[in-house]
Amino acid sequence: MKTYCLLTCFFILTLTASSQTSIRATPRWAKFEQNFTSSQTYDNPIYDLKDFHAVFTAPSGRTTKINGFWDGGTSFKVRFAPDEIGEWQYQTVCSDTANTGLHAQQGSFICEANDSDLALYQRGTLIQPKGTYHLAYHDGTPFLWIGCTAWNGGLKSTEEEWDTYLEHRVDHHYNVIQLVTTQWRGGDQNSEGQTAYEYSDELRVNPEFYQHMDGKIDRVNEYGLIAAPVLLWALPSVTGRYLSPGYSLPLEEAVILAKYQVARYGGNQVVWMLGGDGRYAREYEQRWLEIGRRVFADNPPGLVAQHPHGRLWIGDNHAAEDWLDIVGYQSSHSDGQGTVDWINKGEVATRWPHLPARPVINLEPNYEEIRPTIDAEDVRNASYWSLFATPISGITYGANAIWPWIREGESILNHGTPKNLSTWRESMNLPGSLQIGYLAEFLHQYEWWNLRPANELLVDQPGDEQYNHFISVVQSIDKNTVMAYIPHASTLKLYNPSNAEYEATWFNPSDNSTVDAQLKTSTGMIEAASPSETDYILVLQKIDE
């Protein structure tokens with residue numbers, strides 16, 4: 001009997017130890033995924049099930065609600081990126097309480113330290129620190145948004161192409177990839193001939209399309225990059241508008257489609273772009289405010305941006321929207337006075353101080369090669385003007401062959417056939433593409449997040465006489481650093497009321513070089529002549545007394 005008891009106790013202890021060690025381990029900030037099999041079959045689960053979610057309980061006791069999603073047939077999933085080390089518990093809730101496969105399911109997993117050397121997994125998911133104008137990692141390290149527009153990348157690229165592109169972007173200091181995750185006017189299907197959804201009398205989501213997209217978004221994160229998926233492309237005019245779900249779907253279906261994608265990719269490291277190219281003002285304003293409020297009502301993981309059509313400012317009419325973390329804008333694809341003045345003198349530059357603090361980011365400036373007249377200089381102009389028009393938070397690059405993912409002999413759907421169009425591979429190495437990498441290197445040498453527009457330091461503004469000679473000035477909060485972007489050769493004159501002494505350098509954004517600057521000083525004044533005809537940035541750093 002004693003032997004039997006000892007053996008029984010040993011067996012129980014062994015089972016207990018085995019169950020403990022078999023609990024799945026997920027690295028912190030990585031994607032935890034749990035599969036569930038429905039005990040019921042539904043004709044259209046996105047309508048038939050009003051709710052399927054899991055409540056995760058962290059080691060600290062904090063709870064987080066995460067929506068699940070249908071993945072075809074009777075397969076459902078929940079994805080989540082844990083942010084605390086230790087044992088997590090979860091329990092599911094399904095609106096169909098008779099569904100024993102989905103309702104009241106319980107489980108646990110261990111979140112362990114992440115051994116990746118990528119900043120994304122060491123510093124943690126992105127946040128928007130309240131009261132600031134920039135993004136940051138979870139540990140508070142400022143994050144400078146350096147994006148690239150690859151709208152069709154997830155749809156069209158092969159695995160080899162996607163890896164080549166992502167590796168190149170990492171090597172050149174990009175950290176955000178903007179892509180579209182449905183069919184849209186620039187891409188009506190993926191490389192497998194699949195579409196994300198169909199709509200006639202009701203919406204039908206295609207899980208196979210999204211299973212293909214899963215690998216593309218996972219790969220973005222595996223390179224340490226943030227994915228910025230456009231959930232609902234929304235351009236309400238021009239050719240192919242019927243392909244824009246944010247425009248063509250009824251409001252209810254637009255919300256359902258967006259919430260499906262948020263549930264599916266909430267376990268990834270993402271920034272949601274709710275709409276793409278949309279008119280989120282005037283006749284469409286209330287529609288988009290309602291979509292945003294409903295999609296993000298449960299405060300799902302991930303920050304939220306909007307991507308408006310060209311030269312549309314949404315900062316004021318979205319000022320009270322708690323779901324919006326980033327005020328995005330698109331300066332449009334022009335080097336004309338209307339566009340240049342809109343960046344430097346319009347609502348972007350004048351309204352940000354009067355609104356709740358949020359990053360303000362040009363998510364689509366000039367695409368390189370979109371017109372024969374738009375070259376790397378125009379890309380640099382639009383990028384630095386945009387950066388210096390508001391507190392610095394980031395910029396996005398685009399090339400006219402990368403966003404549609406053009407290969408040799410291909411054209412752009414619903415966008416005409418541009419002449420002499422490069423391929424996406426060639427475009428990665430266009431001068432402007434590389435120079436945005438220089439921009440990132442340059443700004444990371446300084447506390448860029450403390451720089452604020454300071455054009456009042458200018459004695460004369462050449463841009464008042466010649467619009468594209470506009471000089472943009474930023475100054476650090478402590479007034480120890482001043483930067484001035486000079487788009488054309490000029491003698492810069494700055495007020496220096498405290499007669500501070502500065503170390504001065506010129507940064508050449510076209511070749512990534514730096515040279516010492518010679519200053520001419522007088523009482524309350526500093527002058528500096530740019531070294532050559534190209535654009536330059538003068539950097540002044542105060543010398544401690």
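Please read these numbers as outputs of a predicted model, since none were measured by experiment.

The rules behind the values
- Residues numbered from 1 in each chain as written.
- Predicted model: local features only at pLDDT ≥ 70, side-chain atom pairs only at ≥ 80, totals over all residues.
- Heavy atoms only, no water.
- Phe/Tyr/Trp six-rings, centres within 6.5 Å; stacked < 30°, edge-to-face > 60°.
- Helix = DSSP H or I, 4+ residues; strand = E, 2+ residues; numbered from the N terminus.
- Buried < 20%, exposed > 50% of the residue type's maximum accessible area, 1.4 Å probe, protein only.
- Pairing = 2+ DSSP bridges.
- Axes fitted to C-alpha atoms, helices over the stretch in contact; angles between N-to-C directions.

All chains considered together, the criterion is met by 35 aromatic pairs. Seen from their ring centres, F69 and Y260 are 6.0 Å apart, and the 80 degrees between their planes marks the pair as edge-to-face. Here F69 is found in strand β5 (residues 69–70), whereas its partner Y260 is found in helix α8 (residues 251–265), with 191 residues between them in sequence. In this pair, the class of F69 matches that of Y260, namely buried. Consider the rings of Y367 and W403, whose centres lie 6.1 Å apart with planes at 20 degrees: the pair is stacked. Here the residue Y367 occupies a position in the loop between β19 (360–362) and α12 (376–389), and W403 occupies one in the loop between β20 (394–397) and α13 (424–427), the gap between them amounting to 36 residues. Put simply, the rings of F32, F36, F52, F56, F76, F80, W88, Y90 and F109 touch in pairs and so form one group of aromatic residues.

With that out of the way, let us pick up the sheet that holds strand β26 (residues 513–516). With antiparallel pairing, the six strands of this open sheet are ordered in space as β21-β22-β23-β29-β25-β26. Single-partner strands in this sheet number two, and they are β21 (451–453) and β26. Across the sheet, the mean angle separating the axes of adjacent strands is 25 degrees when strand polarity is ignored. The pairing of strand β25 (residues 502–508) with strand β29 (residues 536–542) spans six bridges and is antiparallel. Looking at the pairing, T505 lines up with V539 of β29.

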